[in-house]
Amino acid sequence: MSQSGITDSPSASLPLDMTTEDPVPSAPKAVYRFFEPIILFTALIEAVKHTAKPPTPEPNIDITDPKQLFCAVNNKLCHVCDYERGGRTVTSFVALPDKRDPSKAQFVFAVNRQTDGQLQDTAIYVRALFRKINQAPQGEKNQHEARGALLYHILRFNRPRVSFYLRNLRSQAEMCLGRCQSANPEDSLIAEELKKILVSPPLGSDPLRDREVDYMHKCETTIQLLIQLEKSTAGAAIKSRALEDRIPGFTSMECWSLLFHTMNRILAYPQSAKFFLRAKRVWPSLFENPDVGFLSSSRPMEKPARQKIQKADGIVGRMTSNPEDIELYRNFAESLQAFDLDARIHTEFKKKTFKPIAHAEVILLNWLLKPEEVAPEKFFNGWAYIGSSKRTCKLCDYYFQEHRSNVEHRISHGNFYPSWRIPDVFPHQGKEAKQQRQLMINRVLDRVRQDTFNIVEEKASPIIKRADSNTFSARLTISTEEKWHVRGSEADDVDDIASKMGGVSLSS
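Residues numbered from 1 in each chain as written. Predicted model: local features only at pLDDT ≥ 70, side-chain atom pairs only at ≥ 80, totals over all residues. Heavy atoms only, no water.

Per an unreviewed UniProt entry, the chain goes by the name C2H2-type domain-containing protein and belongs to Trichoderma asperellum.

Notes on helix 3 (residues 116-135)
Here helix 3 is 20 residues long and its end C-alpha atoms lie 29 Å apart, about the 28 Å a rise of 1.5 Å per residue gives. Every buried residue of helix 3 is listed here: Leu119, Thr122, Ala123, Tyr125, Val126, Arg127, Ala128, Leu129, Phe130, Lys132 and Ile133. Next to the buried residues of helix 3 lie helix 2 (66-79), strand 1 (91-97), strand 2 (105-111), helix 4 (144-157), helix 9 (255-282) and strand 3 (292-294). (Helix = DSSP H or I, 4+ residues; strand = E, 2+ residues; numbered from the N terminus. Expected span 1.5 Å × (residues − 1). Buried < 20%, exposed > 50% of the residue type's maximum accessible area, 1.4 Å probe, protein only. Contact = heavy atoms within 4.5 Å.)

Considering unusual backbone geometry
Phi is positive for asparagine 289, which is not a glycine, with a value near 50°. The class of asparagine 289 is exposed, set by a relative accessible area of 71%. The backbone of asparagine 406 sits at a positive phi, close to 65°, despite the residue not being glycine. For asparagine 406, the position within the fold is in the loop between helix 14 (394-403) and strand 5 (408-409). Residue classification places asparagine 406 among the exposed residues on the basis of a relative accessible area of 59%.

Points about the pattern of salt bridges
By the definition in use, this model includes 19 salt bridges. We note a salt bridge from aspartate 22 to arginine 299, for which the minimum N-O separation is 3.4 Å. In this pair, aspartate 22 sits in the segment before helix 1 (28-47) while arginine 299 sits in the loop between strand 3 and helix 10 (312-317), placing the two residues 277 residues apart along the sequence. Residue classification places aspartate 22 among the exposed positions, given a relative accessible area of 54%. By relative accessible area, which is 46% here, arginine 299 ends up partly exposed. Its salt-bridge partner being glutamate 432, residue lysine 370 comes within 3.6 Å of it at the nearest N-O pair. With a gap of 62 residues between them, lysine 370 in the loop between helix 13 (360-368) and strand 4 (385-386) and glutamate 432 in helix 15 (residues 430-458) connect regions that are remote in the sequence. Salt bridges sharing partners connect three or more residues here, namely Asp98, Arg100 and Asp291. (Salt bridge = Lys/Arg side-chain N within 4 Å of Asp/Glu carboxyl O.)

Laid out in structure tokens, this is it:
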């Protein structure tokens, strides 16, 4: 086993934080004290969501800036590991300097909610991904086959998510086609392109039962169509209509914005592949057999609810121990009833999905640094950054800010997820770790309490819930001449497709 704790055999990988100990439990009273303000805030957001403000857009990436390029590549690596919808496979990576050669990196990742066996499978996939990047020839003009092999590998691993996008694209294209009027010249142009999407046979309803050759063929033809569509007059018209549908303060359900969103989700995969090859040109040694380790996901916490019904006045009365603030909170509690908060709070606590977990990026930060510890030498090139497959949620954003270690992360989308918690503390970590956990709990709750006051005072939600990943992610331009081959005819079997794609397979 290496000094980093990562074995040389991919199949024998162990989590870097492996322990047989059970976490140090928090007292029930402390659990309630943590989650009550969070549930109160969740209910408030729901009550005033009609007045919500649009989120801050993710900034453009300057790919000529080495740090920005590296952070973007980190996020792209997270993106191609997040293979399911729903949040369970949201992935975060951090790049650490290799102790034997600082020009190389050790990669460590965490995922929101996966077993150690599933995390091992992801580690094997990532090692193979790095191997394929490393084997790509130098020079963009010579990377035709390498791009196809890389994209094949990525699409194969991400089949559950991509299959969903392909089916969604078809249904959204049908809906938008129904909105097109033949008398309108622009509509006619758009309709012509949408019909091309609908020509190819649809995938089945179960992605695991479709033949892989059919799935790969569908991926290739769709990606080629979307690349061409994106650069066409019809594509510009679809984008314009999608942006018009995104009215601040409302979550749009119009077909154009949904279609445009799905188009960008699919095109994000070849974009990620291109980012990796760009990174290889800048850091040739980065992908030369780097160590890849992982941290275990947190265990879902049992529902932290009391038997009695939680009410707003009771929660706000427990939100501070300062006697001078108690009366102010009580007055707020009375005004909050205009939002029917008691019923909303009760509903939130009773949800079956309310089983809090620690999010992946917070698990990495908690493992790497103590609160207020600033250690850029722990990061590759001194770039203190933890990436993510999605923009960070509000509570993760607060955690990073209040950790005060100056570690950067993806800009937050502002969404608030109540099923969130602080990472576990284990007995071997000692008394100091328990104190640090309480410190972070207090700091995060202070931010939530302040948000609660702000919502009531402004009677407006701080954010409108939006798609939380790659609709407008960092892009590298794909020319129309570039081909992303993941193709096989219906007569081909999987091995034949792999041979055409340069011997690509998950086990290669």
